Amino acid sequence: MKEKIARVMQGRYGVDSLSKFLLVCGLVVVFGAALFDNVLISSLGNLLGWLFVIYCYFRLFSRNVAKRYAENQAFLAKTYKIRCFFYRQKDILKQRRVYHIYQCPGCKQKIRIPRGKGKIEVRCPKCSTTFIKKS
Ligand SMILES: [Zn+2]
């Protein structure tokens, strides 16, 4: 079975970020459209959602690897800032477990303090203002 799939996929483009995005978008639109009572909106949404899914599969089985690769690169370039934003939010959430983030009262510089050290005096590395915080 595995060999059969491998043979079918030989020379074909396969999965990439754009395909995953299209599939998720398509499913979200299809299920979202089902929530509408309006027949026109729900059938249009259904159609649009399935077009996303079909396009995703078209890309998956496409033999024009260079073109699909270029599409994916364009997609990644266009979404670079959005993806960076989400990575940053994720990183901040991760850091919040281990660190407290304070803002310097003098210059508004963000200062990262490890948690669980009790009351400490914080010295801003930028403007040397000192202030007392519980970590
Ligand atoms: Zn400061």
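Residues numbered from 1 in each chain as written. Predicted model: local features only at pLDDT ≥ 70, side-chain atom pairs only at ≥ 80, totals over all residues. Heavy atoms only, no water.

### Observations regarding the coordination of the zinc ion
So, step 1. For the zinc ion, the protein coordination sphere consists of Cys-104 (SG), Cys-107 (SG), Cys-124 (SG) and Cys-127 (SG), at 2.2 to 2.3 Å.
So, step 2. What the 4 donor atoms of the zinc ion show is an angle range of 107 to 111° at the metal, which sorts the shape as tetrahedral.
So, step 3. We note that the donor set of the zinc ion lies within a single chain, spaced as C-x2-C-x16-C-x2-C. (Donors = N, O, S within 2.8 Å, 3.2 Å for Na, K, Ca; no water. Tetrahedral: all angles 85-135°; square planar, octahedral: opposite > 155°, others 65-115°.)

### Points about the environment of Ile-113
So, step 1. Note on placement: Ile-113 falls in strand S2 (residues 110-114).
So, step 2. The class of Ile-113 is buried, set by a relative accessible area of 8%.
So, step 3. Each C-alpha atom, one on Ile-113 and one on Val-98, is 8.6 Å from the other, the two residues being 15 residues apart in sequence.
So, step 4. Apart from residues lying up to four places away in sequence, Ile-113 is in contact with Val-98, Tyr-99, His-100, Tyr-102, Ile-120, Val-122 and Ser-135. (Helix = DSSP H or I, 4+ residues; strand = E, 2+ residues; numbered from the N terminus. Buried < 20%, exposed > 50% of the residue type's maximum accessible area, 1.4 Å probe, protein only. Contact = heavy atoms within 4.5 Å.)

### Describing the packing of aromatic side chains
So, step 1. In this structure the tally under the stated criterion is 4 aromatic pairs.
So, step 2. When the ring of Tyr-57 is compared with that of Phe-61, the centres are 6.4 Å apart and the planes differ by 25°; the resulting orientation is stacked. Taken together, the positions of Tyr-57 and Phe-61, both in helix H3 (residues 39-61) and 4 residues apart, correspond to about one turn of that helix.
So, step 3. What makes Phe-61 partly exposed here is its relative accessible area of 35%.
So, step 4. Aromatic side chains Phe-85 and Phe-86 sit 5.5 Å apart centroid to centroid with 75° between the ring planes, which places their arrangement in the edge-to-face category.
So, step 5. Classification of Phe-86 as exposed rests on a relative accessible area of 52%.
So, step 6. Taking NZ or CZ as reference, Arg-112 lies 3.9 Å from the ring centre of Tyr-99, over its face. (Phe/Tyr/Trp six-rings, centres within 6.5 Å; stacked < 30°, edge-to-face > 60°. Lys NZ or Arg CZ within 6 Å of the ring centre and 35° of its normal.)

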